[in-house]
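Letter by letter, the chains look like this.
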Amino acid sequence: MKKVIAGAMLALAVASGASFLFARTRSEARPPTPSPSQVVLSQWNEIGRKLVAMAEDFPEDKYDFKPTAAQRTFAEQILHVSASMYYFTDPAQGQKPRYPDDPKRDGLKTKAEIGAFTKKCIEDGAAVIKSKGDKGMSEWITEPESKQQVQVSDLAYSLTEHSGEHYGQLVVYYRLAGLVPPESRPKK
Amino acid sequence: MKRLFLISVIAVWAALTAMPALAQDTAKKDAAPKPAVGLSQAVLDQWNEIGRKLVAMAEDFPEDKYDFKPTPGQRSFAEQLLHAAGANYFFTNLVKGEKPPAQEDPPRANFKTKADVVAYVKKSMEDGAAAIKAKGDAGIAGMMVDPFANQQVRVFDWAYGFIEHMGEHYGQLAVYYRVAGLVPPESRPKK
């Protein structure tokens, strides 16, 4: 139990720029404060890292596993969450999201293709955060569907949370498939 | 598939803007941009949106299934809720300048009934929301110290970390619902 909370806090610390949560003591010098865009980027990349780890780790012969008939398969979950990232990446560049529907599974057939797609979606978002920089995080953009003005960082965080929801679903997929999620395994 | 995708997207935008989802869906393409919300309001909207979804599950799930878990290696439904809600106090307490909770996961034995768990989850969300409101726009952009990492962080970044954390556990519970033979509240037809 303690390990799980420590893991969650570690993820938050990583997201906020602290790499080794429990290695530090109060007496140590406080590390430099990460800039606004660095923090957004860290949180974006942290959930992205966990999704990529699953995409690369899950056995290919189980990629079409789903717990019940009404749910997405493992592969469909990965494709959905990855493609949805463009609801940040594209509007942040003044464009419409490029995937109004989930990419078709038959267009991305292999585990390698899906893993590469996921990586690209995360990298494209990360590149936009970097290019926007600190000043860009507080820029206002108009979301094309709702016509709502939103800050770039808030939109990024909204999609980060969305990624977290699907990551959470996949954690349970792992367990139901008789596997242990990568983040729950003993650290080497 | 398309419907599921749209629901997810609408949820994201509802979280961001706290607007009625259908109103967003039918927004005219040529409408003038809507006024921006303040920084603390944007954080509050996302906090309350994931909080709303977790409370809805807590209230909806049958009490006789509260100790259900898909496999022995996982938390039960109730333990997931208690964990997600309890972890929020690592945000709320610290933002208020208080110590983090002494207990990492509130024990199930201390929250025996569904009503007990629901009340705790609601209070966790309300306490976090109150802390965000109290900070306001200036305060939410201010700095605080993450005592675990001895790291300065912005209050709103700290909040968004916990919003994402809640999302992960909400996602797990959505699968618990399906495996238990139930449909999650957000996936049911809207009345």
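From a predicted model like this one, the values you see are computed outputs, not experimental measurements.

Asks: I tried to follow the overall build of chain B on my own but got confused; where do I start?
Replies: Scanning chain B from N- to C-terminus turns up seven helices and two strands. For chain B, the N- to C-terminal ordering of α and β elements is α-α-α-α-α-α-β-β-α. Within chain B, the fraction of its 191 residues that count as buried is 43%. Expressed as a percentage of contacts within chain B between residues at least 6 apart in sequence, the contacts between residues at least 24 apart total 67%.

Asks: Looking at this structure, I do not really get the overall build of chain A. What am I missing?
Replies: Broken down by element type, chain A carries six helices and two strands. Here chain A, with 188 residues, has 48% of them falling under the buried criterion. Taking the intrachain contacts of chain A between residues at least 6 apart in sequence as the baseline, contacts between residues at least 24 apart amount to 67%.

Asks: What exactly am I supposed to notice about the pairing of strand β2 (residues 151-154) of chain B here?
Replies: In summary, the side chains of a regular strand alternate between the two faces of the sheet. Residues and elements named next belong to chain B. Only one face of β2 is covered, namely the face carrying Gln151 and Val153; the face carrying Gln152 and Arg154 is uncovered. Here four bridges tie strand β1 (residues 143-146) to β2, and the two strands are oriented antiparallel to one another. Note on β2: the bridge partner recorded for Asp146 is Gln151. Connecting β1 to the next strand, β2, in antiparallel fashion are four residues, including Asn150 with a positive phi near 55°.

Asks: Any chance you could explain helix α3 (residues 74-84) of chain A here in plain terms?
Replies: In an α-helix, one turn spans 3.6 residues, which is why side chains three or four residues apart end up on the same side. Within α3 of chain A, eleven of the eleven residues are buried, leaving the element largely enclosed by the surrounding structure. Taken residue by residue, α3 of chain A has Phe74, Ala75, Glu76, Gln77, Ile78, Leu79, His80, Val81, Ser82, Ala83 and Ser84 of chain A as its buried positions.

Asks: Help me understand the packing of helix α2 (residues 36-57) of chain A against helix α6 (residues 152-176) of chain A in this model?
Replies: The description of two helices packed together rests on the angle between their axes and the distance between the axes. All names here are of chain A. Running from amino to carboxyl end, α2 crosses α6 at an angle of 20°, the nearest separation of the two axes being 10 Å. With respect to α6, the axis of α2 lies roughly parallel. Here α2 runs over α6; the crossing is left-handed. Contact residues: Pro36, Val40, Gln43, Trp44, Ile47, Lys50, Leu51 and Met54 in α2; Ser153, Ala156, Tyr157, Thr160, Ser163, Gly164, Tyr167 and Leu170 in α6. Its residues assigned to classes, the contact of α2 with α6 comprises ten nonpolar, five polar and one charged.

Asks: So what exactly am I meant to see when it comes to helix α7 (residues 155-179) of chain B here?
Replies: Residue and element names in this part refer to chain B. Between its first and last C-alpha, α7 extends 37 Å over 25 residues, near the 36 Å set by a 1.5 Å rise per residue. Burial runs high along α7: 24 of the 25 residues are buried. Looking one or two residues beyond α7, the residue adopting positive phi is Gly181, at roughly 85°.

Asks: Looking at this model, I keep getting lost on the nonpolar core. Mind explaining?
Replies: Note on soluble globular proteins: their nonpolar side chains tend to be buried together. Counting residues in each nonpolar core, the largest one holds 86 residues, and the members touching the most others are Ala156 of chain A together with Val43, Leu54, Leu81 and Ala159 of chain B. Counting residues per element, this core draws most heavily on α7 of chain B, at 14 residues.

Asks: Sorry, what's going on with the environment of Asp101 of chain A here?
Replies: In this structure, Asp101 of chain A sits in the loop between α4 (86-89) and α5 (111-137). Sequence separation between Asp101 of chain A and Phe58 of chain A is 43 residues; the distance between their C-alpha atoms is 24 Å.

Asks: Explain the packing of α2 of chain A against α5 of chain A to me, please; I cannot follow it from the model alone.
Replies: Running from N to C, α2 of chain A and α5 of chain A cross one another at 175°; their axes reach a closest spacing of 9 Å. The orientation of α2 of chain A relative to α5 of chain A falls into the category roughly antiparallel.

Asks: Before we go on, may I ask you to explain the environment of Tyr160 of chain B in this structure?
Replies: Tracing the sequence through the fold places Tyr160 of chain B in helix α7. As for Tyr160 of chain B and Asn150 of chain B, which are separated by ten residues in sequence, their C-alpha atoms are 19 Å apart. Residues contacting Tyr160 of chain B, with those up to four places away along its chain left out, are Gln43 and Tyr157 of chain A.

What counts and how
Residues numbered from 1 in each chain as written. Chains lettered and ligands numbered in written order. Predicted model: local features only at pLDDT ≥ 70, side-chain atom pairs only at ≥ 80, totals over all residues. Helix = DSSP H or I, 4+ residues; strand = E, 2+ residues; numbered from the N terminus. Buried ≥ 20, exposed ≤ 12 C-beta atoms within 10 Å, placed from the backbone. Contact = placed C-beta atoms within 7 Å. Pairing = 2+ DSSP bridges. Axes fitted to C-alpha atoms, helices over the stretch in contact; angles between N-to-C directions. Parallel < 35°, antiparallel > 145°, perpendicular 65-115°, else oblique. Left-handed = near helix turned anticlockwise from the far one by under 90°. Nonpolar A, V, L, I, M, F, W, Y, C, P; charged D, E, K, R; others polar. Expected span 1.5 Å × (residues − 1). Core = buried A, V, L, I, M, F, W, Y, C linked by C-beta atoms within 7 Å.

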